[in-house]
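# Geometric and topological summary
For reference, the chains in residue letters:
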Amino acid sequence: MKDLREWMQVIRDMGELVEVHTEVDPHLEITEIADRVMKAGGPAILFTNVTGSKMPVLINQFGSERRMAAGLGGTDLDQIASRISEIAEMQPPQGVMEKVKALGKLRELASLGTKTVKNGPCQEVVLTGDDVDLDLVPILHCWPGDGGPFITLPLVFSNDPVTGSRNCGMYRVQKVDKRTCMMHWQIHKDGRQHLLDSEGRVPVAVVVGTDPAVTYSATAPLPPALEEMMFAGFLRGKQVEMVKAVTQDIEVPAHAEIVIEGYVDATDLGDEGPFGDHTGFYTPIDQYPRFHVTGLTMRRDAIYSTTIVGMPPMEDFWLGKATERLFLPLIKMTVPDLVDMNLPLEGVFHNCAIVSVKK
């Protein structure tokens with residue numbers, strides 16, 4: 001799958017996409033509906049009539065193991081993990097036939113780096129300067145006590161100012177006004193390190209609406225040497241096409257729905273939050289850098305892809321479950337006593353791990 005549109009057709013064909021044509025409000029109402037659907041193990045939802053915006057809203061696309069596995073190109077998550085295991089466990093080939101097989105795998109991996117193209121659907125509409133207006137995007141205000149609307153399923157791209165390497169992470173982004181957001185770069189995150197290593201300003205692109213392999217890769221706990229878009233290429237079996245942003249020196253996925261371009265300044269901090277979190281409590285207000293928006297590009301008929309964060313079960317549980325299964329083979333390489341592990345629903349997928357070992 002090259003984009004969100006192809007993925008939506010897949011889940012539509014699976015009978016797991018429901019379209020809602022009744023008008024709904026992005027302020028609290030979509031969250032209320034989606035929260036009930038997620039907790040009931042329901043389908044993905046496409047809201048086609050959103051108050052105050054021409055964009056439809058897609059939510060709960062990853063809300064089951066079946067959809068999560070299908071999005072990453074398998075029938076179940078363990079099947080996808082076995083592909084990773086084959087690569088991770090490669091040994092120096094001995095015979096001629098083994099060398100030929102190994103060469104094929106290495107050639108496949110080498111071909112899955114990103115491919116830069118001159119233009120892409122994500123730039124069919126280009127707004128810069130005073131024309132930039134984030135009010136065009138139906139960003140959800142999820143919970144009553146939230147500090148504002150939050151982009152909750154963003155792919156945040158930045159480049160390491162020292163090495164030039166690309167990083168893509170999923171950090172919540174709070175909308176402040178038409179051209180300003182707050183960037184939730186915690187002190188241990190790669191993006192925050194880019195900011196600390198820079199001269200004070202880092203070009204950033206916030207991308208919304210990509211194919212599931214690209215979206216998932218932004219959440220994956222990858223080592224620094226493995227770039228997220230290369231991992232996405234491995235999962236989808238095809239290179240990720242990237243295009244240069246219009247107003248910033250950074251590349252973005254060419255087939256994305258929406259791209260918000262701008263910069264973050266280390267000296268320009270402000271209040272971010274509160275934010276209704278996984279725990280059922282609000283994360284309090286804290287100081288984070290402002291994200292100044294310099295460009296907004298999108299498809300002509302862009303779809304806003306989002307999720308909600310709250311007490312489990314939620315959609316993000318299945319993103320975490322994918323990490324559990326896909327990275328188990330890699331953890332076993334360094335912890336050979338490990339038999340299996342479970343990141344249970346009750347631990348909100350990253351606060352608790354149950355493991356079985358064979359000593």
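Use the structure listed above.
Below: a short report on this structure. All figures in this text were calculated on a predicted structure; none of them were measured in a lab.

### Overview of the overall build of the chain
Check the secondary structure of the chain and you find nine helices and 20 strands. Counting over 359 residues, the chain shows a buried share of 54%. For the chain, contacts bridging at least 24 residues in sequence account for 70% of all contacts bridging at least 6. Of the roughly 16100 Å² that the chain leaves accessible, carbon and sulfur atoms contribute 54%.

### Describing the sheet that holds strand β4 (residues 115-117)
Pairing within the open sheet is mixed, and its three strands lie in the order β4-β12-β13. Taken across any chain shown, the strands that pair with only one partner, and hence form the sheet edges, are β4 and β13 (251-253). Strand after strand, the sheet turns through a mean of 45° between neighbouring axes, direction not considered. Here strand β12 (residues 241-244) runs beside β13; their pairing, made up of three bridges, is antiparallel. By the bridge assignment for β13, Lys 244 is matched with Glu 251.

### With respect to the packing of aromatic side chains
Here the structure, examined in full by the defined rule, presents five aromatic pairs. Their ring planes at 20° and their centres at 6.5 Å tell us that Trp 7 and Phe 62 sit as a pair that is stacked. On the criterion of sequence distance, the pair formed by Trp 7 in helix α1 (residues 4-13) and Phe 62 in the loop between β3 (57-59) and α3 (65-71) is long-range, its members being 55 residues apart. A single burial state applies to Trp 7 and to Phe 62, both of which are buried. Across the ring face of Tyr 263, the terminal group of Arg 201 is positioned such that the distance to the ring centre comes to 3.8 Å.

### Regarding the pairing of strand β1 (residues 17-20)
The sheet contact formed by β1 and strand β2 (residues 44-47) spans four bridges and is parallel. Bridged to Leu 17 within β2 is Ala 44. Following the backbone out of β1, through helix α2 (residues 29-39) and into the adjacent parallel β2, one traces a crossover that is right-handed.

### Overview of the environment of Gly 52
The topology assignment puts Gly 52 in the loop between β2 and β3. When its relative accessible area of 71% is taken as the criterion, Gly 52 is described as exposed. On a C-alpha basis, the gap between Gly 52 and Glu 23 in space is 10.0 Å, while along the polypeptide they are 29 residues apart.

### Structural notes on the pattern of salt bridges
If you walk through the whole model with that rule in mind, you get 22 salt bridges. Measuring nitrogen to oxygen at the nearest pair gives 3.1 Å for the salt bridge that ties Arg 236 to Asp 211. Remark: Asp 211 occurs in the loop between β11 (201-208) and α7 (212-217) and Arg 236 occurs in helix α8 (residues 228-236); sequence separation between them is 25 residues. Here Asp 211 falls in the buried class, since its relative accessible area comes to 4%. Connected through shared salt-bridge partners, Asp 3, Arg 5, Glu 257, Arg 299 and Asp 301 make up one network.

### Quick word on the sheet that holds β3
Strand order across the open sheet formed by four strands is β1-β2-β3-β18, with mixed pairing between neighbours. Of all the strands in the sheet, the pair left with one neighbour each is β1 and β18 (304-306). Shown here is a sheet whose adjacent strand axes are inclined to one another by a mean of 20°, direction ignored. Note: β3 against β18, three bridges, orientation parallel. Considered in β18, the bridge of Val 57 is made with Tyr 304. Of the strands in this sheet, β1, β2, β3 and β18 touch α1, which is tilted by about 105° from β1. Contacting β2 and β3, α2 runs over the sheet at an angle of about 30° to β3.

### Looking at the side chain of Arg 325
Along the polypeptide, Arg 325 turns up in helix α9 (residues 316-334). Relative accessible area serves as the criterion here: at 12%, Arg 325 is assigned to the buried category. Of the polar contacts made by the side chain of Arg 325, one reaches the side chain of Asp 78; its length is 3.0 Å. At 3.1 Å, the side chain of Arg 325 and the backbone oxygen of Met 341 are in polar contact. Ignoring any residue separated from it by four or fewer positions in sequence, one finds Arg 325 in contact with Leu 77, Asp 78, Ala 81, Asp 340 and Met 341.

Calculation notes
Residues numbered from 1 in each chain as written. Predicted model: local features only at pLDDT ≥ 70, side-chain atom pairs only at ≥ 80, totals over all residues. Heavy atoms only, no water. Helix = DSSP H or I, 4+ residues; strand = E, 2+ residues; numbered from the N terminus. Buried < 20%, exposed > 50% of the residue type's maximum accessible area, 1.4 Å probe, protein only. Contact = heavy atoms within 4.5 Å. Areas by Shrake-Rupley, 256 points an atom, 1.4 Å probe, with all protein chains shown as cover. Pairing = 2+ DSSP bridges. Axes fitted to C-alpha atoms, helices over the stretch in contact; angles between N-to-C directions. Phe/Tyr/Trp six-rings, centres within 6.5 Å; stacked < 30°, edge-to-face > 60°. Lys NZ or Arg CZ within 6 Å of the ring centre and 35° of its normal. Right-handed = clockwise from strand over helix to strand, strands pointing away. Salt bridge = Lys/Arg side-chain N within 4 Å of Asp/Glu carboxyl O. Polar contact = N/O pair within 3.5 Å; in protein donor to acceptor, adjacent residues only side chain to side chain.

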